[in-house]
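Examination of the molecular architecture
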Amino acid sequence: MSKLELKEDKMLEVQFVGDDDVLNHILDREGGTKLKKERAQLLVNPQKIIKKQEYGVEEGDQEVLKDQNYVKVLGQNVQESLKNGTATDGGNKVYSFQNRKYPEKMAKLASELAKTPRKNVSFSLKNDPEIKSISQSSKGHSASDKVQPKNNKNELQSTPPRSLRKRLIVPSSHSDSESEYSASNSEEDEEVAQESEKDTNASVLSQKTQAASRILVPTCRGTPSKRMRREDSSNLVEEYFEAHSSSQVLTSDRTLEKLKRAALDQQTLRNLLSKVSPSFSAELTRLNEQHEKLFHKWMLQLHLGFNIVLYGLGSKRDLLERFRTTMLQDSVHVVINGFFPGISVKSILNSITEEVLDHVGTFRSVLDQLDWIINRFKEVWDHAKQSLYNWLWYETTTYSPYTEETSYENSLLITQSGSLPLSALTHVLRSLTPNARGIFKLLMKHQLENQEDPSYPGLSFQDFYQQCREAFLVNSDLTLRAQMTEFRDHRLIRTKKGPDGVEHLLIPVDSQTLTNFLEEEEEATVTA
Amino acid sequence: MATSAVSKGCFVFKPKLKKRKISVPIEEYFNKEKNESEDSKLRFETYHLTWKQMKSETEQLQEELNKNLFNNLIEFLQKSHSGFQRNSKDWACQIKLKEIPTAALVLGVNVTDHDLIFRRLTEALQNTITPYVISLQAKDCPDMKHFLQKLISQLIDCSVDTKPKEKEDVQVTQKKTHCSMDSLSSWYMTVTQKTDQKMPSKTRTSQWQSPPVVLILKDMESFTTKVLQDFITIASQHLHEFPLILVFGIATSPIIIHRLLPHAVSSLLCIELFQSLSCKEHLTTVLDKLLLTTQFPFKISEKVLQVLTNIFLYHDFSIQNFVKGLQLSLLEHFYSQPLSVLCCSLPEAKRRINLLSVNQCENIRRLPSFRRYVEKQASEKQVALLTNDRFLKEETQSLLEDLHVYHVNYFLVLRCLHNFTSSLPRYPLGRQIRELYCTCLEKNIWDSEEYASALQLLRMLAKDELMSILQKCFQAFDSSSENQFGSTRKRIEEFLAQFQSLGADAKEEEDASGSQPKELPKTDLYHLQKSLLEMKESRRSSKKQTKFEVLREKVVNFIDSLVREYLLPPETQPLHEVVYFSAAHTLREHLNAAPRIALHTALNNPYYYLKNEALNSEEGCIPNIAPDICIAYKLHLECSRLINLVDWSEAFATVVTAAENMDANSAASEELNEIIHARFIRAVSELELLGFIKPTKRKTDHVARLTWGGC
């Protein structure tokens, strides 16, 4: 400070001082130029990542946290870890953006997968020359596939291995007339694609790769991820928006109904699956044994006020059940199946109060009940411990199928228990009187006639009665109503009150099943 | 299975009463199934003891840190309530009476720690100001009715503390009565009258004629604005008969009050702001008290410390979670390291060494750091160490003592270095001591570039800065009882004295140097540059160091020598494994798991888990014999937002048939196809359960992808 003052006293003159000189003035006192360079570098980038973040937190706006650093820091020393996945580039992959996908890709990948790993298989089974030759022949197919220009999609699909060809040709005989792939308006989509081609570098790249992969099939294996990594984040962002910009998605129009085995019910599914011998059972048991070794540790940590979360692919039910039976036999414990569809806070709390604490009575609200439980447990649990969930994460990847868990789900391909499958429909109707069957068929036909109308309310009772009378199926209002009750009991029909107060009758079965049923019925009558 | 049923999803199991025996003591679980691990019981006890001490230390710390805040708050409450107390009739007080005294407590974003603070605050207030302290959470009060109900029931709970007999009928009446502000104020009247009569016996409330009611809103941000506004308006109307004081717990910033409350309402409040200690400072003190001390023998390695601080800085800012992480590392250390039995106070450890079993001696010999130590010894000593248990034990004792001394010195010098570096521009070695500690733990700090630049900067420090730092260091060394640093302390003292005597000389020096650079003639740019360069040259050559500079150089060199002598990384110390916990990956796995990555790996690279050679393949591609779900997943990655189930199932079937080497034309193929279809269904429903896809109505037999992560 004193120095400055002195200066000001002696000369009040504005001097031009170059940046360089200022820097020298600050730094040059002892170190010389070499130091200056070092310092400058150091000032520009503090090298330790951790330090950078420290600044970021403390000086808020000065330094912005970079996602990548963040991922890096969190992902560091994963290498040491035996578990927890290949997080280092897993992170990049899991959290990267999706690039645009094209409909044929799946089939291609399938054919890829179908043949490439054959190499592996034939390695392990070298003594079997036949297999080897098959794998070679399939390679030959793929070679021809490479050369073939892809004009017709059916052709492409039929070129890969024989198994695929067969599978793909069979359904295509059903759908020869219609185009395989369609979007709701494909021309527009083309336009969008072309526009974006002009716009963004990224899209050009993806378009090109797509074009390339049309001809050179094997390139598509593994490329997406590699391409992902090469592109910097700005391109990724553009790709994401490109992928989500158009509302229509190109997929094929084929439906399951044309495949003969559309949906299976729970029972047949289980039967079928029981025939499959699980693969890698030795490895799976080894995994399970590893997890079971941790039981003691879990108990210890549970006792010390930690809670435990298990994560990873595969059902953990069996594992937990074993834990329960081996370790928890001497303590009160509650098992809550989160996948159970009817589970609620209320039911959980009720089972705790009623069964664990032997409380009889009801509570005004869930919160009251909770308070009561907390009061009851006060002596047992330390409050501080109880208010905190000290989650400890344990990875227990088991690969066990989620049998029990999925059985409650209304799964896509499994016929829902709410609506009736074809078999049940046939079964119920067979047991009815011919008149009742006729009545039901009337209703069914009417519904099928109107299936195109999305706002079809159902057949009104009066009209239905009229039709039934004309077909000599009933003689009075009452008989029809009695019949209705029977249908309703079997959940064959549903009644709905329209806005005018008139009852409308509906069969809560999709039209495809109904058509199939009618066809079957007619066949049966013809043969009879 | 006992836990599956169609009708319920919640099962209770009770132990059979007959079989009920005394439950297995926790120590039992400390054994790793086999009885091979040594001294497990002792280790568990040590763990328990250490943890108890550490916990009480943190709690005490918390208390001290909160003390200041609480005192201010209590003072405010007392002051603001005195207006009501005096019942004065002057106009200003009348106006004031319409305003509810409000303390806005800005606590920061680490919401998980707030509960503890509020609990302490409630206790403090109950002890000093009023028995009527209520705290409400937003989730309890969706509307005004619940708000009041909760308020009243808690108030009555507060008062039943004083007279437990009336509890029953009070609760009954409370359920029946209509909850309103009127009933509240009448309740307040009766209660205060009652206590007034009992006054002499009650020392707690004696200082208050009518104790105020303190209402703590724990999470102010999450309250519905309407409830808050209504309540404040109504309460201000009743303030003369129901002395309410509000305490807002705020996690974000005080502006939120004005955002939540319109002017008409906020003008009814008389707000004063209180800021709690920032959680980062809190962390620093916690670290200081728990890790940078020889009080607790347990230490953590650099990586572990980094994992813990990263979780703190990036995830929650929660001290409690940090301490929990520390607890876990402590537990893991004692659980996994058999020699951790020696991780206790030095005299105790010495005693335990004598009792070590043969196996434990072997364990010591197996420690990498110990082996390195042995290799450096003379050959006959090597033999003795490796064969003679008695000799080994004696040596271990002395080594442990060395380790202890090492730590004592380490922390002193670390603090000293931190004093020097914490004020440097740009903080080359970090602003917080924990950063410095991290670097020192990791490697030889003097090899790092940051250290070199820090020393350069130190060589430019001004005198007064240097002196204040030296003063601080001197105090640090002074306060330590160890006498190894006697000479060091003396040196610093000498330096200080020399600096002081330097005062006059330095001024003259600067006079001289200050007069130099002014004779720049007016020139053009070229000449200016030239002359500047010349000046630079001349300055460098003609540089003669002032006395101050010489002394400063000496100080810096002295510090440097201290650092090089004492701040060796712990890995260089024999037996460091006994006290250092270094399994950072286990800690991270358990505290900051990455379930999505695990899932991704399991689906993409089953070989990673299954370790079957047939599954081994290059990256980005899986063999077709992989588990069904992996194949289905891999295929679905190739689709855009919608997936046609038919295509999917066909692709799946292609892969699977290829894997099984089936001849597609064989007779049994129909059944096999059925099975494959079933497998596909299972895989799809599993993917649905895992949340990768969901059914959609946009197109028949399509599912929608839910993830847009890569491939």
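These numbers were taken from a predicted model, which means no experiment stands behind them.

Moving on to the overall build of chain B. Along its length, chain B carries 30 helices and 11 strands. The buried share of chain B, reckoned over its 711 residues, is 54%. Sequence-distant contacts in chain B: of pairs separated by 6 or more residues, those separated by 24 or more amount to 74%. As presented, chain B carries roughly 32,400 Å² of accessible surface, and 53% of it is formed by carbon and sulfur atoms.

When helices and strands are counted, chain A shows 28 helices and eight strands. Within chain A, contacts between residues at least 6 apart in sequence are counted, and of these 64% link residues at least 24 apart. Of the roughly 29,400 Å² that chain A leaves accessible, carbon and sulfur atoms contribute 54%.

Okay, a negative patch on the surface next. Together, A:E519, A:E520, A:E522 and A:E523 give the surface a local cluster of negative charge. Judged by its relative accessible area of 45%, A:E519 falls in the partly exposed class.

Residue and element names in this part refer to chain B. In this structure, F370, L414 and F420 are the most contacted members of the largest nonpolar core, which totals 109 residues. Per-element accounting of this core gives the leading share, 13 residues, to helix α18 (residues 389–421). In this view, L414 contacts L292, I433, L436, Y437, C440 and L567; residues no more than four positions away in its chain are not counted. Within the second largest apolar cluster, 44 residues are counted, among which are A593, A626, I676 and I693.

Most peptide bonds take the trans form, and the phi angle of most residues other than glycine is negative. With a phi angle near 55°, A:F472 is a residue other than glycine that sits in the positive phi range. Judged by relative accessible area, which is 73%, A:F472 ranks as exposed. Not every positive phi belongs to a glycine, and B:L575 is a case in point at roughly 70°. With respect to the helices, strands and loops of the structure, B:L575 is situated in the loop between α24 (547–566) and β8 (580–581). Residue B:L575 is classed as buried on the basis of its relative accessible area of 0%.

What follows covers the pairing of strand β4 (residues 333–336) of chain A. Burial of β4(A) is one-sided: the residues A:H333 and A:V335 facing one way are buried, the residues A:V334 and A:I336 facing the other way are not. Alignment of β4(A) against strand β1 (residues 10–13) of chain B, held across four bridges, turns out to be antiparallel. Bridge assignment links A:I336 to a residue of β1(B), and that residue is B:C10.

This brings us to the packing of aromatic side chains. Residue and element names in this part refer to chain B. Summed over the entire model, instances satisfying the criterion amount to 23 aromatic pairs over all chains. Measuring from centroid to centroid gives 4.4 Å for F147 and F231, while their planes differ by 40°, and the two rings are tilted. Placement of F147 in helix α5 (residues 144–160) and of F231 in helix α8 (residues 225–237) is noted, with a sequence separation of 84 residues between them. Looking at F231, the relative accessible area reads 1%, which means it is buried. Arranged with centres 6.3 Å apart and planes meeting at 75°, the rings of Y410 and Y437 form a pair that is edge-to-face.

Right, let's get into the packing of α18(B) against helix α21 (residues 463–479) of chain B. The description of two helices packed together rests on the angle between their axes and the distance between the axes. Residue and element names in this part refer to chain B. Between α18 and α21, whose axes approach to 9 Å, the crossing angle comes to 165°. In terms of orientation, α18 lies roughly antiparallel with respect to α21. Seen from above, α18 lies across α21 with right-handed handedness. Note on element contacts: α21 touches α18 through L466, I469, L470, K472, C473, A476 and F477, opposite L412, C416, N419 and F420. Across the contact of α18 with α21, the residue classes tally to nine nonpolar, one polar and one charged.

Take the confidence of the model for chain B next. Residues and elements named next belong to chain B. Confidence in the prediction for chain B averages 79 pLDDT; 81% of positions are at 70 or higher. Mean pLDDT across the elements of chain B bottoms out in helix α6 (residues 167–176) (45) and peaks in β8 (92). Contacts for the low-pLDDT stretch residues 18–22, under 50 throughout, to residues beyond four places or in other chains number three contacts. This stretch, residues 510–518, has a pLDDT under 50; its non-local contacts, to residues over four places away or in other chains, come to six contacts.

All names here are of chain A. Tallied over the full model, the rule gives 20 salt bridges over all chains. The salt bridge involving E292 is made with R322; its shortest N-O contact spans 2.5 Å. Residue E292 is located in helix α17 (residues 281–292), and its partner R322 is located in helix α19 (residues 317–327); the two are separated by 30 residues in the primary sequence. On the accessibility criterion, R322 (28% relative accessible area) is partly exposed. Of the charged contacts in the structure, one is a salt bridge between R324 and E321, with a shortest N-O distance of 2.8 Å. Residue R324 and its partner E321 are both found in helix α19; the two are separated by three residues, about one turn of the helix. Looking at R324, the relative accessible area reads 7%, which means it is buried. For E321, a relative accessible area of 14% corresponds to the buried category. A single salt-bridge network, built from bridges that share partners, covers D477, R481 and E503.

Attention now moves to the sheet that holds strand β8 (residues 503–506) of chain A. Residues and elements named next belong to chain A. Sheet architecture is open: three strands sit in the order β6-β8-β7, paired in antiparallel fashion. Two strands bound the open sheet, and with one partner strand each, they are β6 (459–460) and β7 (494–497). With two bridges joining them, β6 and β8 adopt antiparallel strand pairing. Looking at the pairing, L459 lines up with L505 of β8.

Time to look at the pairing of strand β5 (residues 244–250) of chain B. Residues and elements named next belong to chain B. Counting buried positions along β5 gives seven out of seven residues, so the element sits mostly inside the fold. Alternating positions in β5 separate into two faces, L244, L246, F248 and I250 on one and I245, V247 and G249 on the other, with burial throughout. Here strand β4 (residues 213–217) runs beside β5; their pairing, made up of five bridges, is parallel. Counterpart to I216 in the pairing with β5 is V247.

Our focus in this paragraph is helix α14 (residues 346–354) of chain B. All of the buried residues in α14(B) are B:A349, B:R352 and B:I353. Around the axis of α14(B), the buried residues are gathered within 105° of arc, so they sit on the same side.

All right, on to the sheet that holds β4(B) then. Residue and element names in this part refer to chain B. The five strands lie next to each other as β3-β4-β5-β2-β6, forming an open sheet whose pairing is parallel. The sheet is open, and its two borders are formed by β3 (133–136) and β6 (269–275), each paired with just one other strand. Adjacent strand axes in the sheet meet at a mean angle of 20°, parallel and antiparallel pairs treated alike. In the sheet, strand β2 (residues 100–106) pairs with β6 via seven bridges, with the strands oriented parallel.

Residues and elements named next belong to chain B. For the structure shown, the criterion picks out zero disulfides over all chains. C473 takes part in no disulfide bond, and the closest cysteine sulfur to it belongs to C416, at a distance of 3.2 Å. C473 sits in the buried class, given a relative accessible area of 0%.

Moving on, we get to the packing of helix α12 (residues 302–316) of chain B against helix α13 (residues 319–336) of chain B. Residues and elements named next belong to chain B. Close contact between α12 and α13 brings their axes to 10 Å; oriented N to C, the two are set at 150°. Here α12 lies roughly antiparallel to α13, going by the angle between them. Crossing geometry of α12 relative to α13 is assigned as right-handed. Of the residues in α13, those in contact with L308, T309, F312 and D316 of α12 are I319, N321, F322, G325, L326 and S329. Residue classes in the contact of α12 with α13 are distributed as five nonpolar, four polar and one charged.

Right, let's talk about the confidence of the model for chain A for a bit. The predicted coordinates should not be examined in detail at positions where pLDDT is low. All names here are of chain A. Per-residue pLDDT for chain A averages 58, and the proportion of residues at 70 or more is 36%. Overall, residues 1–13 carries pLDDT values under 50, and its contacts beyond four positions in sequence, including any with other chains, amount to seven contacts. Counting interchain partners and residues more than four positions distant, the pLDDT-below-50 stretch residues 408–412 has 18 contacts.

It is worth spelling out the side chain of B:H238 at this point. Residues and elements named next belong to chain B. Mapped onto the elements, H238 comes out in the loop between α8 and β5. A polar side-chain atom of H238 sits 3.1 Å from the main-chain carbonyl oxygen of I234. Not counting residues up to four positions away in its chain, the partners in contact with H238 are M181, D182 and S185.

On to the environment of B:P627. Counting through the fold element by element, B:P627 comes out in the loop between α27 (607–610) and α28 (628–636). Separated by 12 residues in sequence, B:P627 and B:L615 have C-alpha atoms that sit 9.6 Å apart.

Cut-offs applied
- Residues numbered from 1 in each chain as written.
- Chains lettered and ligands numbered in written order.
- Predicted model: local features only at pLDDT ≥ 70, side-chain atom pairs only at ≥ 80, totals over all residues.
- Heavy atoms only, no water.
- Helix = DSSP H or I, 4+ residues; strand = E, 2+ residues; numbered from the N terminus.
- Buried < 20%, exposed > 50% of the residue type's maximum accessible area, 1.4 Å probe, protein only.
- Contact = heavy atoms within 4.5 Å.
- Areas by Shrake-Rupley, 256 points an atom, 1.4 Å probe, with all protein chains shown as cover.
- Patch = residues over 30% accessible without salt bridge, like charges linked within 9 Å, V, L, I, M, F, W, Y side chains within 5 Å.
- Salt bridge = Lys/Arg side-chain N within 4 Å of Asp/Glu carboxyl O.
- Lys, Arg positive; Asp, Glu negative; His and termini not counted.
- Charge placed at Lys NZ, Arg CZ, Asp CG, Glu CD.
- Core = buried A, V, L, I, M, F, W, Y, C linked by side-chain atoms within 4.5 Å.
- Pairing = 2+ DSSP bridges.
- Phe/Tyr/Trp six-rings, centres within 6.5 Å; stacked < 30°, edge-to-face > 60°.
- Axes fitted to C-alpha atoms, helices over the stretch in contact; angles between N-to-C directions.
- Parallel < 35°, antiparallel > 145°, perpendicular 65-115°, else oblique.
- Left-handed = near helix turned anticlockwise from the far one by under 90°.
- Nonpolar A, V, L, I, M, F, W, Y, C, P; charged D, E, K, R; others polar.
- pLDDT = per-residue confidence, 0-100.
- Arc of directions from axis to C-beta.
- Disulfide = S-S within 2.5 Å.
- Polar contact = N/O pair within 3.5 Å; in protein donor to acceptor, adjacent residues only side chain to side chain.

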